[in-house]
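# Examination of the molecular architecture
These are the residues of each chain, in order.
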Amino acid sequence: MAKILLAEDDVALAITIKDWLEFENNSVDAVKDGASALENLLALDYDVAIIDWNLPKMTGIEICQKYRAKGGNTPILLLTGKNSVKEKEEGLDSGADDYLTKPFHPKELAARLRAMIRRATGFLPEIVNAGPLSLDREKRIVLRDGKPVHLQPMEYTLLEFFMKHPNQVFSPETLLHKLWDANSEVSLDAIYTCIRRLRKKLDTPESTDSIIRTVHGVGYGINPLY
């Protein structure tokens, strides 16, 4: 699952892209103008951003330039009808990481985004392991000691994120911003409840330490003892 910013003022195209990416279990924040896109990029933590070249209030080129000038490092893919070498060069030189010319198939867009995220974060195998846990990212299956564990979508999302970042601890606020879109109804209380449910499903009566650890005053992560 990736957290994605989509800046596109063509409503029909934006709906198509958002629906496709969310069908693939991503979280998508959609905005319609360049000023909102830059504001979101600077305020929130995204895995990747899709920015249309010709946006109201601020162009995709201007967004890339201003965002990179402020030290932003989220990968950016520019969408545009422009297809000359000079224009592609301008887009990439402005700070974009990739370039996709309209029209395009959502499958190609999704594949480009996955490649950009891999380059930014490093290769992550489809099956991730942590102690007795095994998580198949393609099939969305979780096993504990070889036995399936049935998780609700929010539980799976949290566990996958923890297992992808095994040596890190995240505050509830960070989890909320990284994993759910800005308009989501997921709350901090929902995250606390979800972590309790995960522990109930993943820990055993014999466990001396929970698989989901708490660092008091900091946040949550996968227990390094596993």
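On a predicted model such as this, the values are computed, not experimentally measured, just so you know. (Residues numbered from 1 in each chain as written. Predicted model: local features only at pLDDT ≥ 70, side-chain atom pairs only at ≥ 80, totals over all residues. Heavy atoms only, no water.)

### Looking at the overall build of the protein chain
- Scanning the protein chain for helices and strands turns up 8 helices and 11 strands.
- Residue burial in the protein chain is summarised as follows: out of 226 residues, 44% are buried.
- Restricting the contact set of the protein chain to residue pairs at least 6 apart, pairs at least 24 apart contribute 55%.
- By element, 51% of the accessible surface of the protein chain is carried by carbon and sulfur atoms, the whole surface being about 11,800 Å². (Helix = DSSP H or I, 4+ residues; strand = E, 2+ residues; numbered from the N terminus. Buried < 20%, exposed > 50% of the residue type's maximum accessible area, 1.4 Å probe, protein only. Contact = heavy atoms within 4.5 Å. Areas by Shrake-Rupley, 256 points an atom, 1.4 Å probe, with all protein chains shown as cover.)

### Things to note about the side chain of Ser134
- Looking at where Ser134 falls in the secondary structure, it is placed in strand β7 (residues 133–136).
- Here the side chain of Ser134 touches Asn129 through a polar contact of 3.2 Å, side chain to side chain.
- Excluding its chain neighbours within four sequence positions, the residues that come into contact with Ser134 are Ile127, Val128, Asn129, Ile141, Val142 and Leu143. (Polar contact = N/O pair within 3.5 Å; in protein donor to acceptor, adjacent residues only side chain to side chain.)

### What about the pattern of salt bridges?
- Taken as a whole and judged by the stated rule, the model has 12 salt bridges.
- Between Lys102 and Glu8 there is a salt bridge; the shortest N-O distance is 3.3 Å. In this pair, Lys102 sits in the loop between β5 (98–101) and α5 (106–121) while Glu8 sits in the loop between β1 (3–7) and α1 (11–23), placing the two residues 94 residues apart along the sequence.
- Looking at Lys102, the relative accessible area reads 28%, which means it is partly exposed.
- You can call Glu8 buried: its relative accessible area is 2%.
- Salt bridges sharing partners connect three or more residues here, namely Glu8, Asp52 and Lys102. (Salt bridge = Lys/Arg side-chain N within 4 Å of Asp/Glu carboxyl O.)

### A look at the pairing of strand β11 (residues 219–222)
- Examined bridge by bridge, strand β10 (residues 212–215) and β11 share 4 bridges and lie antiparallel to one another. Each residue of the ladder has a partner; that of Val215, found in β11, is Gly219.
- Once β10 ends, the chain turns through 3 residues before running back antiparallel as β11, passing Gly217 with a positive phi of about 80°. (Pairing = 2+ DSSP bridges.)

### Topic: the packing of helix α6 (residues 153–164) against helix α7 (residues 172–179)
- As a packed pair, α6 and α7 sit with axes 12 Å apart at the nearest point and diverge in direction by 105°. Comparing the axis directions of α6 and α7 gives the class roughly perpendicular. Every residue of α7 that contacts α6 at Thr157, Leu158, Phe161 and Phe162 is listed here: Leu175, Lys178 and Leu179.
- Taken together, the residues of the contact of α6 with α7 break down into 5 nonpolar, 1 polar and 1 charged. (Axes fitted to C-alpha atoms, helices over the stretch in contact; angles between N-to-C directions. Parallel < 35°, antiparallel > 145°, perpendicular 65-115°, else oblique. Nonpolar A, V, L, I, M, F, W, Y, C, P; charged D, E, K, R; others polar.)

### Points about the sheet that holds β7
- Reading across the sheet, the 4 strands line up as β6-β7-β8-β9 and stay open at both edges, with antiparallel pairing between neighbours. Pairing within the sheet leaves two strands with one partner each, and these edge strands are β6 (127–130) and β9 (147–148).
- Docked against the sheet, α6 engages β6, β7 and β8 (141–144), running at close to 110° with respect to β7.

### A word on the environment of Arg118
- On the secondary structure map, Arg118 appears in helix α5.
- A C-alpha to C-alpha distance of 22 Å links Arg118 and Val142, two positions 24 residues apart in sequence.

### Side note on the pairing of strand β4 (residues 76–80)
- Counted residue by residue, β4 has 5 buried out of 5 residues, so it is predominantly covered.
- By the alternation rule, side chains of β4 split into Ile76, Leu78 and Thr80 and Leu77 and Leu79, which are all buried.
- Pairing between strand β3 (residues 48–52) and β4: 4 bridges, direction parallel. Directly across from Ala49, in β4, lies its bridge partner Ile76.
- By the bridge criterion, 4 bridges tie β4 to β5 in an arrangement that is parallel. By the bridge assignment for β5, Leu77 is matched with Asp98.

### Description of the confidence of the model for the protein chain
- Per-chain confidence: the protein chain averages 87 in pLDDT, with 95% of residues scoring 70 or above.
- When mean pLDDT is taken per element in the protein chain, β3 scores highest with 95 and helix α4 (residues 85–93) scores lowest with 76. (pLDDT = per-residue confidence, 0-100.)

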